[in-house]
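Report on the structure
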Amino acid sequence: MKLSLSQITTVNQKEPYMSKSVKMSYEEFMELKDENIGICLNCNTQHDCLEPDARNVTCDNCDLPQVFGLEELLIMDALEITD
């Protein structure tokens, strides 16, 4: 059984993951990946200096633990790479 993002919770997080997904081109993904950028699933703010597998980092913009590294977003199926 595959769980949706809105059904997944963690021990350190009281709120469920947002069910939003991020879309970007392959070129943008490669550029942001090389810069260690993470993205907040709540407000889509980009954060720098994050490990690729970062998860549940508190966002400076919305104060929710919804910032994830790009590779982690791929694993979570929350990142869609478009042409």
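A brief look at the structure comes next. (Residues numbered from 1 in each chain as written. Predicted model: local features only at pLDDT ≥ 70, side-chain atom pairs only at ≥ 80, totals over all residues. Heavy atoms only, no water.)

**A few points about the overall build of the protein**
Note the cut-off: Counting from the N terminus, the helices are DSSP H or I runs at least four residues long and the strands are E runs at least two residues long. Each residue is placed in one exposure class: buried if its accessible area under a 1.4 Å probe, protein chains only, is under 20% of its type's maximum, exposed if it is over 50%, and partly exposed if it falls in between. Here a residue-residue contact requires only that any non-hydrogen atoms of the pair lie within 4.5 Å.
A count of helical and extended segments in the protein gives two helices and five strands. Counting across all 83 residues of the protein, residues that qualify as buried make up 33%. Across the protein, every contact between residues at least 6 apart in sequence was considered, and the portion connecting residues at least 24 apart equals 41%.

**What to know about a negative patch on the surface**
Quick reminder of the rule: Residues enter patches when they are more than 30% accessible in relative terms and free of salt bridges; like-charged ones are connected within 9 Å and nonpolar ones (Val, Leu, Ile, Met, Phe, Trp, Tyr) within 5 Å. Each accessible area value is a Shrake-Rupley result obtained with a 1.4 Å probe; residue values ignore everything except the protein chains displayed when judging cover. The rule for a salt bridge is simple: a side-chain nitrogen of Lys or Arg has to be within 4 Å of a carboxyl oxygen of Asp or Glu. His is not counted, nor are the chain ends; Lys and Arg add positive charge and Asp and Glu add negative charge. Taken as the charge centre is NZ of Lys, CZ of Arg, CG of Asp or CD of Glu, depending on the residue.
A cluster of acidic residues, E28, E31, E35 and D48, forms a negative patch on the protein surface. Checked against the element boundaries, D48 lands in the loop between strand 3 (46–47) and strand 4 (67–69).

**Let's talk about the sheet that holds strand 4**
In plain terms, the rule: Strand pairing is assigned whenever DSSP identifies at least 2 bridges connecting the two strands.
Spatial ordering of the open sheet is given by 3-2-4, a layout of three strands whose pairing is antiparallel. Here the strands that pair on one side only, and so sit at the sheet edges, are strand 3 and strand 4.

**Digging into the pairing of strand 1 (residues 22–25)**
Side chains V22 and M24 of strand 1 all project onto a buried face; the interleaved residues K23 and S25 project onto a face where none is buried. The pairing of strand 1 with strand 5 (residues 79–82) spans four bridges and is classified as parallel. For V22, the partnering residue across the bridge sits in strand 5 and is L79.

**Brief notes about unusual backbone geometry**
In this model, N36 sits at a positive phi of 55°, which is unusual for a non-glycine residue. Of note, N36 is situated in the loop between helix 1 (26–34) and strand 2 (38–40). Relative accessible area serves as the criterion here: at 35%, N36 is assigned to the partly exposed category. If you check the backbone angles, N44 has positive phi at about 65° while not being a glycine. Within the secondary structure layout, N44 lies in the loop between strand 2 and strand 3.

**Re the side chain of H47**
Secondary-structure assignment places H47 in strand 3. Ignoring sequence-local partners within four residues, the contact set of H47 consists of N36, I37, G38, C40, C59, D60 and V67.

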